[in-house]
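Single-letter residue listing:
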Amino acid sequence: MHVQLAGEPGRPDRANEDFVAATPEALVLLDGSTSPDSLESGCTHGTAWYVRRLGVHLLARLTDRSDRSIGECLADAIVETAALHGGRCDLAHPNTPAAMVVAARLHGSSLEYLVLGDSLLVLDLLHGPPRVIGDNQRFPGGEELRRQAWTVTPGSAERSALDMQYALALRAARNTGRGPWIAAASPKAAAYAESGFVKLAGVSALAAVSDGAARFTDRFRLGSWAEALRLMADAGPAELIARVRAAERTDPRCERWPRDTTHEDALAVHARL
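Remember, predicted model here, so these are calculated numbers, not experimental data.

So, the overall build of the protein
The helix and strand inventory of the protein stands at seven helices and 10 strands. A compact globule built from 273 residues should have a C-alpha radius of gyration of about 19 Å, and the protein, at 18 Å, falls within 12% of that. Summarising its shape, the C-alpha atoms of the protein cover approximately 55 × 45 × 30 Å along the three principal directions. Scored against the burial criterion, the 273 residues of the protein give a buried share of 50%. For the protein, long-range pairs separated by at least 24 residues make up 71% of all intrachain contacts whose partners lie at least 6 apart in sequence. For the protein, the computed accessible surface area is about 12,100 Å², with 51% contributed by carbon and sulfur atoms. Here the protein carries 30 positive and 34 negative side-chain charges, and the mean point of each set is 1 Å from the other.

Right under this line is the structure:
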């Protein structure tokens, strides 16, 4: 794989809670699950710490354990990362740091992939339109709260209250069987990821994007996924993110394009095969 990647935090005063890393044979992208600052997590380290360590452990597993499936590699990485927390962290806390995951690796004549959560893997196929994999852990029980929040001005007290209600509902449901599954402290979540194989002979390139970068197509409709892939191939993932940021700046109050935040952490990686 010939890999290009780019990332940018949603706020300059906060660490980017997304993470990406790659080798010529494998790549991982993690999108940290962000909660309101006032919501306790039970962890002394934080989400940025968690996604970096989970990402590194997962990439290592992908490259040195070809005997393990990609889902098993994620489960192993979750266990290894949980062991790093130490006794000061309450890993049973429902808001313990967590992340969405995209992973891919070369496996013989195939590409093996995994996606858990609302990040996306986009395959540039030699024949036919791109194949988009991901956004597979939706939370229908919280959608009404989310839509209500999107009608209120970001930064207002009413918006903060609705955002907190949504965060509490999501926290109570995730990784319980009543809501979305996400990579946190239990390896059980890996079993709910979308995974599989695709023949390398039918794929020319791939892209992995966090939800902040996926706004290019999913939220702002700046172009199709075919156009997004072409943009990244020609100008690099940084250009995709730059165009997302330009669109966000034209709508600082989230009125034209209702969304959770004006700016979101954004990561994008493009790999030619």
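Now that the structure has been shown, the text picks up again.
Examining the packing of aromatic side chains
One pair of aromatic rings is described through two measures. These are the centre distance and the angle between the planes. Applying the stated criterion across every chain, the model contains three aromatic pairs. Here Trp181 and Tyr192 contribute two aromatic rings whose centre-to-centre distance is 4.0 Å and whose plane-to-plane angle is 5 degrees, an arrangement assigned as stacked. Placement of Trp181 in the loop between helix H4 (157–173) and strand S8 (194–199) and of Tyr192 in the loop between H4 and S8 is noted, with a sequence separation of 11 residues between them. For Trp181, a relative accessible area of 8% translates into the label buried. Note on Tyr192: relative accessible area 36%, which makes it partly exposed. With a centroid separation of 4.6 Å and 55 degrees between ring planes, the pair formed by Phe220 and Trp257 is classed as tilted.

Quick word on helix H2 (residues 70–85)
In this model, H2 (16 residues) spans 23 Å end to end at C-alpha, consistent with the 22 Å of a helix rising 1.5 Å per residue. Every buried residue of H2 is listed here: Ile70, Gly71, Cys73, Leu74, Ala75, Asp76, Ala77, Ile78, Thr81, Ala82 and His85. Buried residues in H2 make contact with helix H1 (47–64), strand S4 (99–107), strand S5 (110–116) and S8. The positive-phi residue at the C-terminal boundary of H2 is Gly86, with phi of around 85 degrees.

Overview of the sheet that holds strand S7 (residues 131–134)
The five strands lie next to each other as S1-S10-S9-S6-S7, forming an open sheet whose pairing is antiparallel. With partners counted over all chains shown, the strands left at the sheet margins are strand S1 (2–8) and S7, one partner each. Each adjacent strand pair in this sheet contributes to an overall mean axis angle of 15 degrees, direction not counted. As paired elements, strand S9 (residues 203–209) and strand S10 (residues 266–272) share five bridges and run antiparallel to each other. Among the inter-strand pairings, Leu206 is bridged to a residue of S10, identified as Ala271.

Description of the pattern of salt bridges
For side chains bearing opposite charge, pairing can occur when the charged atoms are close. In total, this model carries 18 salt bridges according to the counting rule given. For the salt bridge of Arg11 with Asp13, the shortest nitrogen-to-oxygen distance reads 2.8 Å. On the basis of relative accessible area, Arg11 is assigned to the partly exposed category, the value being 39%. The shortest N-O distance in the salt bridge between Arg259 and Asp251 comes to 2.7 Å. Across the pair, Asp251 and Arg259 agree in class, each one buried.

Comments concerning the sheet that holds S5
Across the sheet, five strands lie side by side as S2-S3-S4-S5-S8; this open sheet has antiparallel pairing. Looking at strand neighbours, the two that pair on one side only are strand S2 (18–22) and S8, the edges of this open sheet. In this sheet, adjacent strand axes meet at a mean angle of 10 degrees when their direction is disregarded. Note: S4 against S5, seven bridges, orientation antiparallel. Counted as the bridge partner of Val101 is Leu116 from S5. Here H1 sits on the sheet in contact with S2, strand S3 (26–32) and S4, set at roughly 160 degrees to S3. Along the sheet face, H2 touches S4, S5 and S8 and points at about 45 degrees away from the line of S5.

Structural notes on the nonpolar core
Membership of the largest hydrophobic core comes to 28 residues, with the highest contact counts inside it found for Val28, Leu30, Leu58, Leu62 and Leu74. Among the elements of the structure, S2, S3, H1, H2, S4 and S5 are those that each provide at least two residues to this core. Here the element with the most residues in this core is H1; it accounts for seven residues. Setting aside residues no more than four positions away along its own chain, Leu30 makes contact with Glu17, Asp18, Phe19, Val51, Leu54, Gly55, Ala99, Met100, Val101 and Leu267.

Reading the values: rules and limits
Residues numbered from 1 in each chain as written. Predicted model: local features only at pLDDT ≥ 70, side-chain atom pairs only at ≥ 80, totals over all residues. Heavy atoms only, no water. Helix = DSSP H or I, 4+ residues; strand = E, 2+ residues; numbered from the N terminus. Rg over C-alpha atoms; globule rule 2.2 N^0.38 Å. Buried < 20%, exposed > 50% of the residue type's maximum accessible area, 1.4 Å probe, protein only. Contact = heavy atoms within 4.5 Å. Areas by Shrake-Rupley, 256 points an atom, 1.4 Å probe, with all protein chains shown as cover. Lys, Arg positive; Asp, Glu negative; His and termini not counted. Charge placed at Lys NZ, Arg CZ, Asp CG, Glu CD. Phe/Tyr/Trp six-rings, centres within 6.5 Å; stacked < 30°, edge-to-face > 60°. Expected span 1.5 Å × (residues − 1). Pairing = 2+ DSSP bridges. Axes fitted to C-alpha atoms, helices over the stretch in contact; angles between N-to-C directions. Salt bridge = Lys/Arg side-chain N within 4 Å of Asp/Glu carboxyl O. Core = buried A, V, L, I, M, F, W, Y, C linked by side-chain atoms within 4.5 Å.

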